[in-house]
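Working through the structure, step by step
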Amino acid sequence: MKAIRRLTVRPVLPDPLRPLSDLARNLRWSWHAETRDLFQSVDPECWVASGCDPVRLLGTVRPARLTELAEDRRFLRRLTAVADDLDHYMTSDHWYQAQPARLPAAVAYFSPEFGITAALPQYSGGLGILAGDHLKAASDLGVPLIGVGLLYRHGYFRQSLSRDGWQQEHYPVLDPNELPLGLLKEADGSPAQVHLALPGGRELRARLWLAQVGRVPLLLLDSDVEENDLGERGVTDRLYGGGSEHRLLQEMLLGIGGVRAVRTYCRLTGHAEPEVFHTNEGHAGFLGLERIAELCDRGSEFDPALEAVRAGTVFTTHTPVPAGIDRFDRELVARHFGPGAELPRIDVERILRLGMETYPGGEPNLFNMAVMGLRLAQRANGVSTLHGGVSREMFAGLWPGFDADEVPITSVTNGVHAPTWVAPEVFRLGARQIGAQRTEDALTVGGSERWDAVGDIADEDIWELRRTLREQLVTEVRERLRASWRQRGAGTAELGWIDGVLDPDVLTIGFARRVPSYKRLTLMLRDRDRLMDLLLHPERPIQIVVAGKAHPADDGGKRLVQELVRFTDDPRVRHRIVFLPDYGMAMAQKLYPGCDIWLNNPLRPLEACGTSGMKAALNGCLNLSVLDGWWDEWFQPDFGWAIPTADGAGTDPDRRDAIEAAALYDLLEQRITPRFYERGQSGLPDRWIEMVRQTLSLLGPKVLAGRMVREYVERLYAPAAAAHRAMDQDAARDLAEWKTRLRAVWHGVSVDHVETTAATATAELGSTLGLRVRVDLGELAPDDVEVQAVSGRVDSEDRITEATAVPLKPVGGPDLEGRWAYEGPLALDRTGTFGYTVRILPAHPLLASGAELGLVAVPSGELVEAAGLLMR
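Description of the structure in this document. Along every chain, residues carry numbers that run from 1 in the direction the sequence is written. Local features are withheld for residues below a pLDDT of 70 in this predicted model, meaning they are given only at 70 or higher, and side-chain atom pairs are given and counted only at 80 or more; totals for whole chains, interfaces and linings count all residues. Here the side-chain values reflect all heavy atoms present in the structure, with hydrogen atoms and water set aside.

Observations regarding the environment of aspartate 815
Following the sequence through the fold, aspartate 815 ends up in the loop between strand 25 (809–811) and strand 26 (820–827). Spatially, the C-alpha atoms of aspartate 815 and arginine 774 are 9.7 Å apart, while their sequence positions differ by 41 residues. Whenever a nitrogen or oxygen atom comes within 3.5 Å of another N or O atom, the pair is scored as a polar contact, on the condition that within protein one atom can donate a hydrogen and the other can accept it, and that pairs from neighbouring residues in sequence are kept only if both atoms are in side chains. One polar contact links the side chain of aspartate 815 to the main-chain amide nitrogen of glutamate 817, over a distance of 2.9 Å. Under the DSSP-based scheme used, a helix requires at least four consecutive residues in state H or I and a strand at least two consecutive residues in state E, with every element numbered from the N terminus.

Section: a positive patch on the surface
By definition, no residue in a patch forms a salt bridge, and every one has over 30% relative accessible area; like charges are joined within 9 Å, nonpolar side chains (Val, Leu, Ile, Met, Phe, Trp, Tyr) within 5 Å. Residue exposure ignores everything except the shown protein chains as possible cover, and the areas themselves are Shrake-Rupley values with a 1.4 Å probe. Salt-bridge detection follows one rule: a side-chain nitrogen of Lys or Arg within 4 Å of a carboxyl oxygen of Asp or Glu. Positive charge is attributed to Lys and Arg, negative charge to Asp and Glu, and no charge count is given to His or to the chain ends. By convention, charge coordinates are those of NZ in Lys, CZ in Arg, CG in Asp, or CD in Glu. Together, Arg73, Arg74, Arg77 and Arg78 line one region of the surface with positive charge. For arginine 73, the position within the fold is in helix 6 (residues 73–91).

Quick notes on the sheet that holds strand 20 (residues 640–643)
Sheet architecture is open: 6 strands sit in the order 17-16-15-18-19-20, paired in parallel fashion. The open sheet is flanked by strand 17 (577–580) and strand 20, the only strands paired with a single partner. Strand after strand, the sheet turns through a mean of 20° between neighbouring axes, direction not considered. Pairing between two strands is assigned when DSSP locates at least 2 bridges connecting them. For strand 19 (residues 622–626) and strand 20, the ladder comprises 4 bridges, and the chain directions are parallel. Directly across from valine 626, in strand 20, lies its bridge partner isoleucine 643. In what follows, residue pairs with any heavy atoms lying within 4.5 Å of each other are defined as contacts. Every angle, taken between N-to-C directions, lies between 0 and 180 degrees, and every axis is a line fitted to C-alpha atoms, over only the stretch in contact when it is a helix. Strands strand 16 (542–547) and strand 17 of the sheet are contacted by helix 21 (residues 555–568), whose axis makes an angle of about 135° with strand 17.

Notes on unusual backbone geometry
With omega at 5°, the peptide bond leading from arginine 604 into proline 605 counts as cis. Topologically, proline 605 is positioned in the loop between strand 18 (597–600) and helix 23 (612–617). For tyrosine 240, which is not glycine, the phi dihedral falls at a positive 55°. Locating tyrosine 240 in the fold gives a position in the loop between helix 8 (230–233) and helix 9 (244–269). When a residue's accessible area, from a 1.4 Å probe over protein chains only, is under 20% of the maximum for its type it is buried; when over 50% it is exposed; and in between it is partly exposed. Residue classification places tyrosine 240 among the buried residues on the basis of a relative accessible area of 16%.

Description of a negative patch on the surface
On the surface, a cluster of negative charge is contributed by Glu34, Asp37, Glu440 and Asp441. When residues of the negative patch are traced back to their parent elements, those giving at least two are helix 2 (33–42) and helix 18 (436–444). With respect to the secondary-structure elements, glutamate 34 resides in helix 2. Among the residues examined, glutamate 34 registers a relative accessible area of 44% and is labelled partly exposed.

Thoughts on helix 25 (residues 653–677)
Take the residue count of a helix, subtract one, and multiply by 1.5 Å to get its expected span. Here helix 25 contains 25 residues, and its C-alpha end-to-end distance of 35 Å stays within 8% of the 36 Å for a straight helix at 1.5 Å per residue. The largest bend along helix 25 reaches roughly 40° and is located at leucine 668. Taken together, the buried positions of helix 25 are Arg656, Glu660, Ala661, Ala663, Leu664, Tyr665, Leu667, Leu668, Ile672, Thr673, Phe676 and Tyr677. If you check the start of helix 25, you find a side-chain oxygen 3.1 Å away from the backbone N of aspartate 654, and it comes from aspartate 652. The seven residues ending at a residue and the seven starting there each receive a fitted axis; the angle between those axes is the bend at that residue.

Some words on the pattern of salt bridges
Once the charged atoms of two side chains with opposite charge are near each other, the side chains can pair. The final tally for this structure, using the stated rule, is 65 salt bridges. The shortest N-O distance in the salt bridge between arginine 687 and glutamate 678 comes to 2.9 Å. Judged by relative accessible area, arginine 687 falls into the partly exposed class, the value being 40%. We classify glutamate 678 as partly exposed; its relative accessible area is 32%.

Written out as structure tokens, the structure is:
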């Protein structure tokens, strides 16, 4: 029989155990070992059965056991200590509070998904896990962040396999009352809500759930409320589900509704209002429109409001390919804004102009969420150095006239939250070496270039740690594989072989991630005979653990999964290579520490950053990866291997895969397996252990989310907050009027004449040229512009590379023709073919970059030819 109604019955905790409820409701338990150990001791069997979820644990533990614990003085002492520790964590000063600079009073961080813990399944992959790690690291550092997302009633899908290896999706219904969440309520006890106007007089309502992530509140908007019609109730049904209109409504709710949720939260709790709004990918881009509307409601015009909003906004792009960006038909967006819909007081054309691809190479009828994000943010970044460069190339059309390397998109390389991803055994080894508190500080705040203390750990201790973690993974894999085969319809009598799957003494390779085609799940299968030889080598075998989900609508990705699963089903190799379905945080926390090698073989440069290899590295796992994302930035032969790539423009994709697969096999056969199995005089693989040591000591401090969040604070949040404070109503109006005037008359700005003191086409290193330039500023004044000399090496096509820009100074007033003279020195600081040019840029104290307006004046072709602007 099916229940006609479902409700959650909460346990009544005895008074001495009441702090358990507070501990369960703060998700710090997900990365705080002492809190997890305390909950495990409540009832070890229930703890495992609950999926290590304290809320579920407290809902299932026997009342008799709670009564027993309420009288257990030893348990109560532990409970008091852990509760006091949480109170100290929540109220004491951390890194942020010790900074001398005036930092933002609060930062609102918007993301479509958050991976905090498996107990709150609101993530699909790397973007969500990164967002969760960002919140946790901000909490550890004391950064006053407010997270904003959506609460998906079905989360992301659960994955299983059919008997023939085809991916199957399941969407379990999540009851918020059974999750570590609480409703945000008004003073009268009613649930707080936000409302969005929809076309046709309809309304979309959402209530607000609060997840407490350490010190950071995470607001999750939920449209499944009784006041909504059936269609509106389903807006927050699934992560990345539905058609275009469904996705548009999700993103309007996230951005517009999210700002309203933040305002509601601050009103009800007294939390400081955010000075900075951070958009994690374009999905939340509409938040800028809501903030513009807020200012317009207070009497501002649209253009000044736009400038005020841009000043305090940070936009992070995570995709290296245009196909990864949400784009909507112009008419669909227009229908949802303006009179009779949302933001009725803003001209729809102004809204559309922010997102339309009105640049060379764009599709002018498409509304691009990333383009809107960039136009609404004064500061933007990619998520690795390489990805920053790819992003500048991809979005260069928004800043015409500038070389891609001058496009104002910087980069902050992602990091991972070490307390979440480091195995307890690794932490204990560090604590034994330098003490628990210093180890915790090293993993959260970071700040050091090296972890030199790792050098003092004995080889045998490192090797014993690695074997212990590998053994734990073997146990985990067998359990998960048995469960998977049962789901596929196998009977117990068929599964005896699983007891022999994997070996704790064999070199173990991990590969786990989403399954879009560019990540090349099946590259390892390119030469199956060669792979079989590696798996079954009599002296130096390897074993591989693979996991990953294809998007439900991606049949190509599902075929890749099936191809791999069918290979792993082969009785000849199934004890050496396994595919584990339903990859998620719980699996990942066992997988990363237990592997010796983390494999990553995407098509370069399509991996924006990739963080799974960082998590593996923090546990002493070595990386074997294409030089893409973060590995391109930090790879050294001391702690891993780079797979050579054939990413030239003329390389056929099939041939490219063949070349790179062969390089992968070569590395495994000739360099990696010999090093793992080779024993030194001590009987240990000392060269391998040294690479593990180098990984921990040199990579460890770099890959921390603490380092990442500190960079965001110092390089993006602090400048954005300063710009926000400077952009009062008058300043915003003046800047908007100045930009309007500048755009209207810029056509009259030109470089008329360039002359230099150089008499010949050669010069000595260290010498200086004198430059004199005559420019026509039209209706502008010298205060409106900066005239620059740009110099550097030049390539065979006379393009300046590694450019350096130096401002020139005006000399006197305008001449009789209204031209202005500028002068300045040009240092010849590089040998070889050297070139220079001159340009004019807009200049204003409230601009974050001279490229911000996408306006530049350079010498005409005739003038360049006459000047001979090349030196050798």
